[in-house]
Amino acid sequence: MTPPARHGGAIISALASAGIVVSVMQTIVIPIVPELPRYLHTDAASVTWVLTATLLAGAVATPLTGRLGDMFGKRRLLLICLGLLVAGSVVGALSSSLVPMIVGRALQGCAAGVIPLGISLMRDELAPERLGSAMGLMSSSLGVGGALGLPAAAAIAQNASWHLLFWGSAGLGLIAMVMVWILVPESSDRSGGRIDFPGAIGLTAGLLCLLLAITKGGDWGWNAPLTLGLFGAALVILLVWGFYELRRPGPLVDLRTSARRPVLLTNLASIAIGFAMYAQALAIPQLLQLPAATGHGLGQSMLVAGLCMAPGGLVMIFVSPLSAKLSAWKGAKVSLMTGALVFAVGDLAALWLLSAPWQLIVVSVITSTGMALAFAAIPALIMANVPHTETAAANGLNALMRSVGTSTASAVVGVALAHLTQPFAGTFVPTLDGFKLTFILGAVAAMLAALIMAFVPGRRRSVASVTTTKEAVGMAAGHVHRSS
């Protein structure tokens, strides 16, 4: 039967805390990126692999852990993901050279599956009336953790050893593991089956080729043989992988379910939302920290820049429940479209609000409001259209789509800012027009997401109503087997 409501708060707290810890982990290296070549005794070009390793590992691990969670238990896989985060944090804390740091960051990246696994656990364990707001908070935890963790990481980096950042990440990971272990029950909904090893290998190879080409193409050259070869290999591998998955019983990714119109369009919209989110995340901190002598930089420290981003994270905490109410009233489709349009308004407003830190705080608050509305609606749309035993895999695939969007934004915005530069202090820095173009690209991506969602048929029932209906049918048949 449905778990007692008194247990819901503990489950939500534990799972949302785990999501925030994962987000904090992803931001801890941002304050020290300029100093990493000195810390790790390497060059600036090689240091980019510290960031790329986390992205690649997360992109590969998310759909795999989602499928394994559906098969063997979502709580079990969530604990494994957090364990890998702790292990990677310890490796990073003990590192003084490049290779161990890359290994540690890759292990940390494997924890990216925590958020989709947490959302799926919420569907299995929470009472329907609490599900919408809980999923919204879990889905928004990525933005919340980043906004709140960045100033803390900057303060530690400026006043203590950089290794403390990784020891802190390990400690937070252990706390999250204990909370999940004690407060979150294991779901009884499992799909069973065998691990699709060929599918896992094919998806991993295809994603690695695709994301490597996107993230490193700017460094290697977009016309370089290696870049073009990786794009070509990704296309061939993923086509062969898709052909194999369609013909295999118990595939790693159920492509027929993923091809359903609401699921497919939601995933496409998630790519656009991921692009818009990351484009803004790249622009605002740079604007805040560029020297004022450039003519458009605001000359703030990393710590102040992080504090300027914090209000956006707080806004997401309060807006997520409102998104659940909007979804219950008008449908998750409307909630996602509204969020995307609000995000676009924030990006367009930035074209006139770039001359003071408080103005960028306003921009961040507006876009964070839109982000919270959209992020809260996405899992509701996905889970209302997939079988109950495939929720973790479906949410993992959706998280992967957002990763493709953020990776693409990194590449596109990098090219835009690299071509619109001005000389300053013996180097080149992005111009004001470059930053404005970045905000325009983000606004276009957000509006594209809203346009895509306009083609989702009808008013979709909320996942809470779907869950309630399924429970009623199951109880009538005498086959409900939820954990109490």
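Now for a description of the structure that goes with this document. (Residues numbered from 1 in each chain as written. Predicted model: local features only at pLDDT ≥ 70, side-chain atom pairs only at ≥ 80, totals over all residues. Heavy atoms only, no water.)

Quick look at the overall build of the chain
Secondary structure summary: the chain contains 18 helices and two strands in total. For the chain, whose C-alpha radius of gyration is 22 Å, the value lies close to the compact-globule estimate of 23 Å for 484 residues. Reported as C-alpha extents along the three principal axes, the dimensions of the chain are approximately 75 × 45 × 40 Å. Taking all 484 residues of the chain together, 55% fall into the buried category. In the chain, once contacts between residues fewer than 6 apart in sequence are set aside, the share between residues at least 24 apart is 81%. Only carbon and sulfur atoms are counted for the fraction: they give 72% of the accessible area of the chain, which is about 18700 Å². Computed over 27 positive and 16 negative side-chain charges, the inter-centroid distance for the chain is 7 Å. (Helix = DSSP H or I, 4+ residues; strand = E, 2+ residues; numbered from the N terminus. Rg over C-alpha atoms; globule rule 2.2 N^0.38 Å. Buried < 20%, exposed > 50% of the residue type's maximum accessible area, 1.4 Å probe, protein only. Contact = heavy atoms within 4.5 Å. Areas by Shrake-Rupley, 256 points an atom, 1.4 Å probe, with all protein chains shown as cover. Lys, Arg positive; Asp, Glu negative; His and termini not counted. Charge placed at Lys NZ, Arg CZ, Asp CG, Glu CD.)

Structural notes on helix α15 (residues 357–383)
Between its first and last C-alpha atoms α15 spans 39 Å; for 27 residues at 1.5 Å apiece the expected length is 39 Å, and the two agree. With 20 of 27 residues buried, α15 lies mostly within the body of the structure. (Expected span 1.5 Å × (residues − 1).)

Looking at the pairing of strand β1 (residues 421–424)
Two elements, β1 and strand β2 (residues 427–430), share four bridges in a ladder whose sense is antiparallel. Within the sheet, the bridge partner assigned to threonine 421 lies in β2 and is proline 430. Hairpin connection between β1 and β2: a loop of two residues separates the two successive antiparallel strands, and alanine 425 in this loop has a positive phi of roughly 50 degrees. (Pairing = 2+ DSSP bridges.)

Points about the side chain of serine 89
For serine 89, the position within the fold is in helix α4 (residues 74–93). At 2.8 Å, the side chain of serine 89 and the side chain of glutamine 108 are in polar contact. Separated by 2.9 Å, the side chains of serine 89 and serine 169 make a polar contact. In contact with serine 89, other than residues within four places in its own chain, are Gln108, Phe166, Ser169 and Ala170. (Polar contact = N/O pair within 3.5 Å; in protein donor to acceptor, adjacent residues only side chain to side chain.)

Some remarks on the nonpolar core
Leu15, Leu78, Val114, Met122 and Phe439 are the most contacted members of the largest nonpolar core, which totals 90 residues. Setting aside residues no more than four positions away along its own chain, leucine 78 makes contact with Leu15, Val114, Leu117, Gly118, Leu121 and Val180. Cys209, Leu211, Leu230 and Val253 belong to the second-largest nonpolar core, a separate cluster that totals 21 residues. (Core = buried A, V, L, I, M, F, W, Y, C linked by side-chain atoms within 4.5 Å.)

Looking at the environment of glycine 168
Following the sequence through the fold, glycine 168 ends up in helix α8 (residues 163–183). Note on glycine 168: relative accessible area 32%, which makes it partly exposed. C-alpha of glycine 168 to C-alpha of proline 100: the two residues are 68 residues apart in sequence and 18 Å apart in space.

So, the packing of aromatic side chains
The final tally for this structure, using the stated rule, is two aromatic pairs. Geometrically, the ring pair formed by tryptophan 162 and phenylalanine 166 is edge-to-face, given 6.1 Å between the ring centres and 85 degrees between the ring planes. Site record: aromatic cluster; members linked through ring pairs are Tyr39, Trp162 and Phe166. Stacked on the ring of tryptophan 181, the Lys or Arg arginine 75 has its end atom at 4.9 Å from the ring centre. (Phe/Tyr/Trp six-rings, centres within 6.5 Å; stacked < 30°, edge-to-face > 60°. Lys NZ or Arg CZ within 6 Å of the ring centre and 35° of its normal.)

Remarks on a nonpolar patch on the surface
On the surface, Leu341, Leu348, Leu420, Leu437, Ile440, Val444 and Met447 cluster together into a nonpolar patch covering about 520 Å² of accessible area. Looking at the nonpolar patch, the elements that each hand over two or more residues are α14 (332–349) and α17 (432–453). With four residues, α17 is the largest single contributor of residues to the nonpolar patch. With respect to the helices and strands, leucine 437 occurs in helix α17. (Patch = residues over 30% accessible without salt bridge, like charges linked within 9 Å, V, L, I, M, F, W, Y side chains within 5 Å. Salt bridge = Lys/Arg side-chain N within 4 Å of Asp/Glu carboxyl O.)

Considerations on the environment of leucine 142
Topologically, leucine 142 is positioned in helix α7 (residues 128–159). Look at leucine 142 and you get partly exposed, because its relative accessible area is 25%. Counting along the chain gives 310 residues from leucine 142 to isoleucine 452, while the straight-line C-alpha distance between them is 23 Å. Here leucine 142 is in contact with Ser23, Gln26 and Ile115, once residues within four sequence places are set aside.

Function-wise, these values are silent; they only describe arrangement.
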